[in-house]
Amino acid sequence: MAVIAPSGAPAAPTPTRTGSTPSVSQPRAWVGWLFIAPNLIGVLLFTLVPLVSVVLLSFTEWNLVSGFGGIDFVGLENFVDVFQDPAFWNSVVLTLVYAGVSVPLTTILGMALGLALNRDVPGRAALRAIFFVPYIVSVVAIGMTWLMLMNPSAGLINQVLGALGLQDAPAWFASSYWALPALIVIAVWSGVGYAAVIYLSALQDAPTQLYEAADLDGAGAWTKFRVITWPSLVPTTVFLLVTLFIGASQGFGLIALITAGGPGDSTTTLPFYMYQTGFQFYRFGYASAIGMVTFLGVLALTLVTWRAQRGRALHD
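Under the annotation held in an unreviewed UniProt entry, the protein chain carries the name Sugar ABC transporter permease and is attributed to Pseudonocardia zijingensis. The UniProt entry for the protein chain carries the following comment under Sequence similarities (unreviewed entry): "Belongs to the binding-protein-dependent transport system permease family." UniProt lists a comment for the protein chain under the heading Subcellular location (unreviewed entry), and it reads "Cell membrane".

Listed below in structure tokens is the structure:
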């Protein structure tokens, strides 16, 4: 349709269509690889290469002092020795006790704390941050703090116990009987905040319509927890059990800093036993075999736990 301009005004130019769309240059594939190269190189150097090295070394006998020329292939001999090693089985028992007590306690207390902080309480945001802080604090800071608190003679905990009338206060890390329970206390203390935050995020997604229906039916707090809250938290609980157990089975920093596996071998868990075998006795092949057996054991327990929870969640 023609456009007629007013008298005395120039006519507006009529737009023309060229029939072709300007092309947009597509980025080349190497640009994407360039962006992910730093992270990819880090994964290759610090994850893939060590993993492959451990698998290969587990079939060899190698003393680091002898250099690469001293690597001898021994086949399955290391694995046979692992299952016949009393020190290995002692470390397995200690690891199972350490993880088997600390992980359920952390999960149960984290759930209770998450349920409490999910309510409308004064200073809820500040309380959430306070309970989560121990999880992100350095292991060195945690270890040094608890070393002072649990000092047998001048520690605050024993002073409080003495003021309450306990004459024979525990020696804690200086005692082969109390050292492992003390480490369990520290592990629970530092992990409860993390579990509570995970449970809080799951509680935010809880089906509110079911709670409203339960209120209309006159259901009590325990009934609502048993029928609605707990089934909705089953996947979160399994996730926490698996991740916390893996973390406990790899726990090294606190033990190395506080007890160094002692007194005696009362806190020599699997990670510390692997460290001793590889970096104190220089038996890297045998230490790699211990690592492989530990990995397979943790994998089996993880699969059993995951299989056991199927069909128990609310959405199932």
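That was the structure; now back to the text.
K.L.:
Help me understand the UniProt feature "transmembrane region" (unreviewed entry) in the protein chain, please; the structure alone is not making it clear to me.
P.N.:
The feature "transmembrane region" (unreviewed entry), as given by UniProt, occupies residues 30–59, 96–117, 129–149, 178–200, 238–261 and 281–306 in the numbering adopted here. Across residues 30–59, helical content stands at 93% and strand content at 0%; the span's end C-alpha atoms are separated by 39 Å. For residues 238–261, helix accounts for 75% and strand for 0%, while the C-alpha atoms at its two ends are 30 Å apart.

K.L.:
Sorry if this is basic, but what is going on with the packing of helix α3 (residues 86–117) against helix α9 (residues 221–249) here?
P.N.:
Each pair of packed helices can be summarised by the angle the axes make with each other and by the distance between the axes. Remark: α3 packs on α9, axes separated minimally by 9 Å, with the N-to-C direction vectors making an angle of 140°. Of the two possible hands of crossing, α3 and α9 adopt the one that is right-handed. Judged by residue contacts, Thr-95, Leu-96, Tyr-98, Ala-99, Ser-102, Val-103, Thr-106, Thr-107, Met-111 and Leu-115 of α3 engage Phe-225, Thr-229, Trp-230, Leu-233, Thr-237, Leu-241, Leu-244, Phe-245, Ala-248 and Ser-249 from α9. The residue makeup of the contact of α3 with α9, split by class, is 13 nonpolar, seven polar and no charged.

K.L.:
Would you mind going over the layout of surface pockets with me for this structure?
P.N.:
Where empty space is left can be seen by rolling a probe of water-molecule size over the atoms. Size it by volume and the largest pocket reaches roughly 700 Å³. If you trace the largest pocket, you find 23 residues lining it, with Val-54, Gln-250, Met-274, Gly-291 and Phe-295 closest to the centre. Elements with a minimum of two residues in the lining of the largest pocket: α1 (29–57), α9, α11 (270–280) and α12 (284–308). In terms of residue count, α12 provides more of the lining of the largest pocket than any other element does, ten residues in total. Of the volumes computed, that of the second largest pocket is approximately 530 Å³. If you go around the second largest pocket, you meet 23 residues; those closest to its centre are Tyr-98, Ala-187, Ser-190, Gly-247 and Ala-248. Elements with a minimum of two residues in the lining of the second largest pocket: α3, α4 (124–136), α5 (139–149), α7 (179–204), α9 and α10 (253–258). With five residues, the single largest contributor to the lining of the second largest pocket is α7. Residue composition of the lining of the second largest pocket, grouped by class: 15 nonpolar, eight polar and no charged.

K.L.:
Please clarify how α11 should be interpreted in this entry.
P.N.:
Within an α-helix, residues lying three or four positions from one another point in the same direction, as the helix has 3.6 residues per turn. Within α11, burial applies to Leu-270, Pro-271, Phe-272, Tyr-273, Gln-276, Thr-277 and Gly-278. Where α11 is buried, its residues contact α3, α9, α10 and α12.

K.L.:
How should I be thinking about the pattern of salt bridges in this particular structure?
P.N.:
Where charged atoms from two side chains of opposite charge come close, those side chains can pair. One pass over the structure, following the stated rule, counts one salt bridge. Where Glu-61 meets Arg-283, a salt bridge forms, and the shortest distance between an N and an O atom there is 3.9 Å. Note that Glu-61 is positioned in strand β1 (residues 60–61) and Arg-283 in the loop between α11 and α12, a separation of 222 residues in sequence.

K.L.:
Whenever I open this one, the packing of aromatic side chains confuses me. Can you help?
P.N.:
To describe a pair of aromatic rings, you give the distance between the ring centres and the angle between the ring planes. In the structure shown here, the tally under the stated rule is 15 aromatic pairs. Measuring from centroid to centroid gives 5.5 Å for Trp-146 and Trp-189, while their planes differ by 70°, and the two rings are edge-to-face. One end of the pair, Trp-146, is in helix α5; the other, Trp-189, is in helix α7, with 43 residues separating them in the sequence. Overall, the relative accessible area of 10% leaves Trp-146 in the buried class. A residue is classified by how much of its surface remains accessible, and Trp-189, at 39% relative accessible area, is partly exposed. Considering the side-chain rings of Phe-252 and Phe-272, the 5.9 Å spacing of their centres and the 25° angle between planes classify their relative orientation as stacked. A residue pair is termed long-range when its members are at least 10 positions apart, and Phe-252 in the loop between α9 and α10 and Phe-272 in helix α11 qualify at 20 residues.

K.L.:
Just to check I follow, could you spell out the side chain of Thr-106 for this structure?
P.N.:
In this fold, Thr-106 is placed in helix α3. Looking at Thr-106, the relative accessible area reads 4%, which means it is buried.

K.L.:
I would appreciate a short explanation of the nonpolar core in the present structure.
P.N.:
For soluble globular proteins, nonpolar side chains are generally found buried alongside one another. Tyr-98, Phe-173 and Ile-186 are the most contacted members of the largest nonpolar core, which has 38 residues in total. At 15 residues, the largest contribution of residues to this core is made by α7. Excluding anything up to four places from it in sequence, Phe-173 contacts Trp-146, Leu-147, Met-150, Ala-179, Ala-182, Leu-183, Ile-186, Ile-258, Thr-259 and Pro-263.

K.L.:
I tried to follow α7 on my own but got confused; where do I start?
P.N.:
The end-to-end C-alpha distance of α7, which contains 26 residues, comes to 38 Å, matching closely the 38 Å that a straight helix rising 1.5 Å per residue would cover. For α7, the principal kink sits at Gly-191 and spans about 35°. Of all the 26 residues making up α7, 19 are buried; the element is thus mostly covered by neighbouring parts of the structure.

K.L.:
Any chance you could explain a nonpolar patch on the surface here in plain terms?
P.N.:
Together, Trp-33, Phe-35, Ile-36, Leu-40, Leu-44, Leu-48, Val-52 and Leu-56 make up a nonpolar patch on the protein surface, roughly 820 Å² of accessible area in all. Locating Leu-56 in the fold gives a position in helix α1.

K.L.:
Sorry, what's going on with the environment of Asp-72 here?
P.N.:
Take Asp-72: it is sitting in strand β2 (residues 72–73). Taking the C-alpha atoms as reference, Asp-72 lies 9.4 Å from Leu-57; in sequence the two are 15 residues apart. Residues within four places of Asp-72 in sequence aside, it is in contact with Phe-59, Thr-60 and Glu-61.

Criteria and thresholds
Residues numbered from 1 in each chain as written. Predicted model: local features only at pLDDT ≥ 70, side-chain atom pairs only at ≥ 80, totals over all residues. Heavy atoms only, no water. UniProt positions renumbered as here; feature names shortened; annotations may be inferred. Helix = DSSP H or I, 4+ residues; strand = E, 2+ residues; numbered from the N terminus. Axes fitted to C-alpha atoms, helices over the stretch in contact; angles between N-to-C directions. Left-handed = near helix turned anticlockwise from the far one by under 90°. Contact = heavy atoms within 4.5 Å. Nonpolar A, V, L, I, M, F, W, Y, C, P; charged D, E, K, R; others polar. 1 Å grid on protein atoms, 1.4 Å probe; cavity = no way out; pocket = protein on both sides within 12 Å on 5 of 7 lines; lining within 4 Å. Points joined across faces, edges and corners; volume = space filled by probe spheres on them. Buried < 20%, exposed > 50% of the residue type's maximum accessible area, 1.4 Å probe, protein only. Salt bridge = Lys/Arg side-chain N within 4 Å of Asp/Glu carboxyl O. Phe/Tyr/Trp six-rings, centres within 6.5 Å; stacked < 30°, edge-to-face > 60°. Core = buried A, V, L, I, M, F, W, Y, C linked by side-chain atoms within 4.5 Å. Expected span 1.5 Å × (residues − 1). Bend = angle between axes of the 7 residues up to and from the residue. Patch = residues over 30% accessible without salt bridge, like charges linked within 9 Å, V, L, I, M, F, W, Y side chains within 5 Å. Areas by Shrake-Rupley, 256 points an atom, 1.4 Å probe, with all protein chains shown as cover.

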